[in-house]
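Listed here are the chains, written in short residue letters.
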Amino acid sequence: MVARAPFADWRVLELSNGIAASYCGKMFVDAGADVVKAESAQGDSMRRWSAGGPAGALFGYLAAGKRSVNDPAQTAALLAGADIVVTDLTDGWSLDGITSHTASSAVVVAVTPFGTTGPYVDEKVVANEFILQALCGSIAGRGWPDDEPVQAGGRLGEWLAGTVAAAVAAATARHAFRTGRGEVVDVSTFEAMVIAMGGLSTMSASVLGADSLLYQRSLELPSIVPTADGMVGFCTITAQQFSDFLVMIDRADLVDDAELASFTGRVARRDEFLGMVTQWTRSRTTGEIVDLAVAFRIPVAPIGAPATLPKVDHFVQRGVFVESEPGVLQPRVPYRSDAIATRPPGRPPALGADNGCVHWPARPRSAAESAADGLPLSDIRITDLTAFWAGPVATQFLGALGADVIKVEGVRRPDGMRFSAGRPPDWDQWWEWGPVFLCSNNNKRGISVELSTNAGRDVALELIAASDLVIENFSPRVMGNFGLTWDAVTAANPRAIMVRMPAFGLDGPWRDRVGFAQTMEQATGMAWMTGHADGPPVIPRGVCDPIAGLHAAFAAIAALAIRDRTGTGMHVESTMVESALNVAAEMVVEYSRNGIELRRNGNRGPGASPQGVYACQGDDEWVALAAMDDAARAALGGLLGAPACGPDESAWRERADEIDKLIADWAARRPVAAAVDALRSSGVAAARVTAPAALLTDPQLVARGFWERVDHPVAGSFLCTGMPFAFAGRPRRWIHRVPPLYGQHTGEVLTGLLGRGHDDLARLRAAGVTGARPAGL
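Just so we're clear, the structure is a prediction, and the values are computed from it rather than from any experiment.

Here is what the cut-offs are and how they apply
Residues numbered from 1 in each chain as written. Predicted model: local features only at pLDDT ≥ 70, side-chain atom pairs only at ≥ 80, totals over all residues. Heavy atoms only, no water. Helix = DSSP H or I, 4+ residues; strand = E, 2+ residues; numbered from the N terminus. Rg over C-alpha atoms; globule rule 2.2 N^0.38 Å. Buried < 20%, exposed > 50% of the residue type's maximum accessible area, 1.4 Å probe, protein only. Contact = heavy atoms within 4.5 Å. Areas by Shrake-Rupley, 256 points an atom, 1.4 Å probe, with all protein chains shown as cover. Core = buried A, V, L, I, M, F, W, Y, C linked by side-chain atoms within 4.5 Å. Axes fitted to C-alpha atoms, helices over the stretch in contact; angles between N-to-C directions. Parallel < 35°, antiparallel > 145°, perpendicular 65-115°, else oblique. Left-handed = near helix turned anticlockwise from the far one by under 90°. Nonpolar A, V, L, I, M, F, W, Y, C, P; charged D, E, K, R; others polar. 1 Å grid on protein atoms, 1.4 Å probe; cavity = no way out; pocket = protein on both sides within 12 Å on 5 of 7 lines; lining within 4 Å. Points joined across faces, edges and corners; volume = space filled by probe spheres on them. Expected span 1.5 Å × (residues − 1). Phe/Tyr/Trp six-rings, centres within 6.5 Å; stacked < 30°, edge-to-face > 60°. Pairing = 2+ DSSP bridges. Salt bridge = Lys/Arg side-chain N within 4 Å of Asp/Glu carboxyl O. Disulfide = S-S within 2.5 Å. Polar contact = N/O pair within 3.5 Å; in protein donor to acceptor, adjacent residues only side chain to side chain. Domains from an automatic or database assignment.

Asks: Looking at this structure, I do not really get the overall build of the chain. What am I missing?
Replies: Assigned secondary structure in the chain consists of 31 helices and 24 strands. Relative to the compact-globule value of 28 Å for 777 residues, the chain shows a C-alpha radius of gyration of 25 Å, a close match. Projected onto its principal axes, the C-alpha positions of the chain cover 85 × 75 × 50 Å. Burial statistics for the chain: of 777 residues in total, 61% are counted as buried. Once local pairs closer than 6 in sequence are excluded, the contacts in the chain between residues at least 24 apart make up 75%. Total accessible area computed for the chain in this model is approximately 27300 Å², and 52% of it derives from carbon and sulfur atoms.

Asks: Is there a simple way to think about the nonpolar core in this case?
Replies: One broad trend across soluble globular proteins is that nonpolar side chains are buried collectively. If you look at the biggest cluster of nonpolar residues, it comprises 151 residues, and the most contacted ones within it are Phe-7, Phe-28, Phe-190, Phe-397, Leu-398, Leu-469 and Phe-725. Core analysis: the next-biggest nonpolar cluster, separate from the first, contains 27 residues, Met-479, Met-498, Val-749 and Leu-761 among them.

Asks: Sorry if this is basic, but what is going on with the packing of helix H6 (residues 129–136) against helix H8 (residues 189–196) here?
Replies: What describes two packed helices is the angle between their axes and the distance between those same axes. Two elements in contact, H6 and H8, have axes whose closest approach is 9 Å; the angle formed by their N-to-C orientations is 50°. The angle between the axes of H6 and H8 places the two elements in the oblique class. Taken as a pair, H6 and H8 cross one another with a handedness that is right-handed. Contacts from Glu-129, Leu-132, Gln-133, Leu-135 and Cys-136 in H6 reach Thr-189, Phe-190, Met-193 and Val-194 in H8. Looking at the contact of H6 with H8, its residues break down into 6 nonpolar, 2 polar and 1 charged.

Asks: How should empty space enclosed by the protein be read in this particular structure?
Replies: Over the atoms a probe the size of a water molecule is rolled, and this reveals where empty space is left. Under the counting rule described, the total for this entry stands at 3 cavities of 30 Å³ or more. Counted as a void, the largest cavity has a volume near 200 Å³. What lines the largest cavity is a set of 19 residues, among which Ile-195, Val-393, Leu-550, Met-723 and Pro-724 lie closest to the centre. For the lining of the largest cavity, the secondary-structure elements that each account for two or more residues are helix H7 (156–179), H8, helix H16 (390–400), helix H17 (435–440) and helix H22 (544–566). Here the residues of the lining of the largest cavity sort into 15 nonpolar, 4 polar and no charged.

Asks: Just to check I follow, could you spell out H22 for this structure?
Replies: Because each turn of an α-helix spans 3.6 residues, side chains separated by three or four positions end up pointing in the same direction. Over its 23 residues, H22 extends 33 Å from the first C-alpha to the last, a length consistent with the 33 Å expected when each residue adds 1.5 Å. Looking at the residues trailing H22, positive phi occurs at Gly-567, about 80°.

Asks: Would you mind going over the packing of aromatic side chains with me for this structure?
Replies: Each pair of aromatic rings is reported with the distance of its centres and the angle of its planes. In total, this model carries 27 aromatic pairs according to the counting rule given. Seen in terms of ring centroids, Phe-315 and Phe-321 are 6.0 Å apart; in terms of plane orientation they differ by 75°. Their pairing is edge-to-face. Under the relative-accessibility criterion, Phe-321 is labelled buried at 13%. Site record: aromatic cluster; members linked through ring pairs are Phe-7, Trp-10, Phe-28, Phe-177, Tyr-335 and Phe-554.

Asks: Explain the sheet that holds strand S1 (residues 11–15) to me, please; I cannot follow it from the model alone.
Replies: Strands belonging to one sheet form pairs held by backbone hydrogen bonds; the direction of such a pair is parallel or antiparallel. With mixed pairing, 7 strands are arranged side by side in an open sheet as S3-S2-S1-S4-S5-S6-S24. Among the strands making up the open sheet, the edge pair consists of strand S3 (67–69) and strand S24 (725–727). Adjacent strand axes in the sheet meet at a mean angle of 20° when their direction is disregarded. Pairing geometry for strand S5 (residues 107–112) and strand S6 (residues 183–188), over 6 bridges, is parallel. Considered in S6, the bridge of Val-111 is made with Val-187.

Asks: Mind showing me how you'd approach the pairing of strand S8 (residues 231–234) here?
Replies: Here strand S7 (residues 224–226) runs beside S8; their pairing, made up of 3 bridges, is antiparallel. Across the sheet, residue Pro-226 finds its bridge partner in S8, namely Met-231. In textbook terms, the turn of a hairpin is the stretch between consecutive antiparallel strands, and for S7 and S8 this stretch comprises 4 residues. Direction of pairing for S8 relative to strand S9 (residues 300–302): antiparallel, over a ladder of 3 bridges. Its bridge partner being in S9, Val-232 is matched across the sheet by Pro-302.

Asks: Help me understand unusual backbone geometry, please; the structure alone is not making it clear to me.
Replies: The general pattern is negative phi for most residues beyond glycine and trans for most peptide bonds. The step from Leu-221 to Pro-222 runs through a cis peptide bond, and the omega angle for that step is -5°. By the secondary structure assignment, Pro-222 is in the loop between helix H9 (199–208) and S7. Note that the residue after Ser-609, namely Pro-610, is joined by a cis bond; omega there is 0°. For Pro-610, the position within the fold is in the loop between helix H24 (585–594) and strand S19 (611–615). Within the chain, Lys-124 stands out as a residue other than glycine whose phi angle is a positive 55°. When you line up the elements, Lys-124 lands in the loop between helix H5 (119–122) and H6.

Asks: Teacher, can you tell me more about the pattern of salt bridges here?
Replies: Here the idea is simple: oppositely charged side chains can pair when their charged atoms come close. Summed over the entire model, instances satisfying the criterion amount to 52 salt bridges. Of the charged contacts, one joins Asp-384 and Lys-444 as a salt bridge, the two residues approaching to 3.4 Å between their closest N and O atoms. Of this pair, Asp-384 sits in strand S13 (residues 381–385) while Lys-444 sits in strand S15 (residues 444–448); the two residues are 60 residues apart in sequence, bridging distant segments of the chain. Given a relative accessible area of 0%, Lys-444 falls into the buried group. For Glu-621, the salt bridge identified is with Arg-688, shortest N-O distance 3.1 Å.

Asks: What am I meant to see in the sheet that holds strand S20 (residues 622–626) here?
Replies: Taken in spatial order, the 3 strands make up an open sheet running S19-S20-S21, and their pairing is antiparallel. Of all the strands in the sheet, the pair left with one neighbour each is S19 and strand S21 (685–688). Direction aside, neighbouring strands of the sheet carry axes that sit 20° apart on average. Bridge analysis of S19 against S20 gives 5 bridges, and the strand direction is antiparallel. Note that in S20 the partner of Val-613 across the bridge is Ala-624.

Asks: Quick question: what am I supposed to make of the state of the cysteines here?
Replies: Two cysteines, two sulfur atoms, one covalent bond between them: this is a disulfide. Taken as a whole and assessed by the stated rule, the structure comprises 0 disulfides. Cys-136 takes part in no disulfide bond, and the closest cysteine sulfur to it belongs to Cys-544, at a distance of 15 Å. A relative accessible area of 0% places Cys-136 in the buried class. Free cysteine: Cys-235, not disulfide-bonded; nearest cysteine sulfur from Cys-544 at 11 Å.

Asks: Honestly, the side chain of Asp-257 in this entry has me stumped. Any pointers?
Replies: Position of Asp-257 among the secondary structure elements: in the loop between helix H10 (239–248) and helix H11 (258–261). Only 3.0 Å separates the side chain of Asp-257 from the side chain of Arg-269, close enough to count as a polar contact.

Asks: Help me understand the domain arrangement of the chain, please; the structure alone is not making it clear to me.
Replies: Many analyses report the size of an interface as the accessible area lost when the parts associate. When its domains are assigned, the chain resolves into domain 1 (236–298) and domain 2 (610–689). Computed over C-alpha atoms, the centres of domain 1 and domain 2 are 41 Å apart.

Next comes the structure, spelled out in structure tokens:
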């Protein structure tokens with residue numbers, strides 16, 4: 001099979017000064033596109049970004065393989081020839097200014113903090129990643145109720161927004177090439193962060209009420225604990241995993257302790273619980289504990305850190321880290337296929353190095369097809385074999401863009417998110433109440449098929465024969481057990497693209513390990529970057545799932561672009577852990593290039609000083625602030641009555657602890673709304689640390705139509721997250737079909753799509769191959 005670059009003939013113009021749009025451009029470089037950075041005379045501000053040493057490490061990762069121009073006349077010419085323009089609307093750019101130069105077939109993607117409309121935009125609310133985390137519910141949910149809540153480290157929201165932008169740009173540009181109709185796509189970083197970083201608790205509040213368990217601030221138990229030679233992270237999602245964990249730590253006597261079995265009970269007894277866990281872990285090495293936990297099939301990982309990540313045996317054997325042309329170590333592209341050629345990391349361009357050298361003649365315009373007004377993926381059908389959150393995020397995204405997604409659930413083992421954090425088993429149809437299931441399985445038809453039976457396998461192969469994409473995120477051995485290997489898939493349908501989303505990959509020492517998002521965050525260094533400076537690492541909680549799902553969706557669209565040219569399907573591996581490593585890459589590239597070992601630092605962070613959260617009047621009310629420039633620091637000094645600090649950032653950093661006390665005293669005397677108003681009025685970026693339930697009435701989200709009402713036949717009416725972007729000039733409604741009841745569309749799909757008779761359907765039901773409710777309930 002000849003490997004092809006998916007987007008080898010695509011032209012991408014990047015107008016950016018931050019991570020989000022630049023990472024979007026990087027994803028297109030990886031897939032073979034010609035990406036040109038159109039920069040100001042001073043160049044992208046990321047060129048000057050430093051983590052404490054020489055500038056340029058992160059820029060080198062994001063810009064490798066791109067070209068650079070900084071001549072305004074050439075930028076205007078490139079706009080006219082670009083297929084995709086990705087921008088963060090800095091350097092004075094506006095959407096009107098960009099679209100006035102682009103062809104009607106171009107896709108223009110703007111990635112901005114709040115989107116381009118809404119009250120926060122009208123009020124010119126200033127926000128960096130930290131302020132967005134305060135607004136999106138991320139900070140409010142992380143930490144113990146009696147402690148200061150803490151941000152997720154590593155600016156994950158910006159990387160997330162860049163991934164969203166790349167996936168929607170790829171799908172929309174593929175459609176534009178076929179129809180001649182472009183789009184203007186308005187991506188909101190805030191909205192992406194609401195879904196992925198505050199979303200679990202907000203979903204729970206929407207479906208079950210604001211007093212639901214997930215709404216309470218907490219940390220996982222067990223999670224990251226010390227060992228004899230380092231740290232290790234656990235994850236016990238299921239009751240069985242927690243029971244096995246107790247047996248593993250030699251406390252089988254507590255297996256029947258009902259209070260400890262509940263998360264609420266563990267929180268109430270956390271000192272006792274952590275004491276027994278750490279007593280056991282401190283007496284063993286990390287390696288010994290990992291081996292034992294793997295044997296118990298408990299999700300486990302050593303805690304990744306900048307110096308240790310490239311030495312992990314699994315990453316070494318799989319060749320996960322590669323050297324760029326300048327010799328800097330970085331994670332490779334997170335998807336692989338024998339049919340897909342990806343570009344190895346090259347050199348970042350010198351500022352203006354390609355002035356006068358890039359020529360993009362105007363494309364011949366395609367005559368618009370009848371489907372030009374349709375959604376970008378309305379020509380695609382997907383057999384969806386995914387479960388939990390990462391896989392369903394991928395297929396829901398593709399379904400929102402028009403794909404016909406048919407979700408297949410087993411009779412014996414349905415999607416486990418149906419049973420997670422919903423209603424107790426004494427409720428009627430309690431398996432229909434899982435909040436995350438309900439908010440990540442819209443735009444799908446649902447069928448029940450027991451794939452472990454020969455008859456069920458036959459149904460799956462018939463469905464695959466009628467599909468374009470097959471997407472699954474089981475552990476690698478499961479598809480083989482079902483007899484649904486790549487050989488079987490391609491035999492059933494030579495045009496099928498099979499995207500597999502294993503946690504750690506289809507090979508390597510960790511191949512068969514159980515892994516959830518928490519495990520990825522522990523293993524990739526995301527947890528290393530999160531938490532207070534004097535405390536243990538803390539998992540960001542959940543963001544790895546959407547990040548993995550969006551990378552898999554991008555890989556699926558890349559594979560479709562190749563199939564559009566060749567007519568042949570392919571097998572694609574898109575691993576969860578490698579997607580996470582790509583967005584956590586700054587730690588490794590800084591260590592490799594400059595020897596700097598980045599680490600967690602509470603709510604402080606790069607790019608703003610001071611930055612933190614401070615308790616205000618009232619119960620658990622906090623204000624977040626970030627002084628991002630000298631003017632903001634001078635204004636803050638005036639508010640605090642501390643003008644002697646001056647505007648110089650180095651002076652503020654030297655006196656950080658003292659200044660924190662001044663701010664804490666100032667905030668404690670004010671209601672949070674008054675504190676936010678005073679800070680913003682003075683030019684200091686600020687926000688209330690927003691509880692997830694409050695997001696349902698957030699004025700920006702409401703005004704932009706982010707929340708979409710779902711009328712579900714069992715769970716009733718609730719607000720659900722749509723997509724974190726809008727198409728300019730189109731109504732904003734991404735939920736076309738509410739999440740399916742278990743097995744709801746089995747008859748419709750088997751008879752209408754596969755041509756099975758009603759008698760055959762009855763036989764399958766009688767044999768337990770299909771079912772109207774999960775078995776054993």
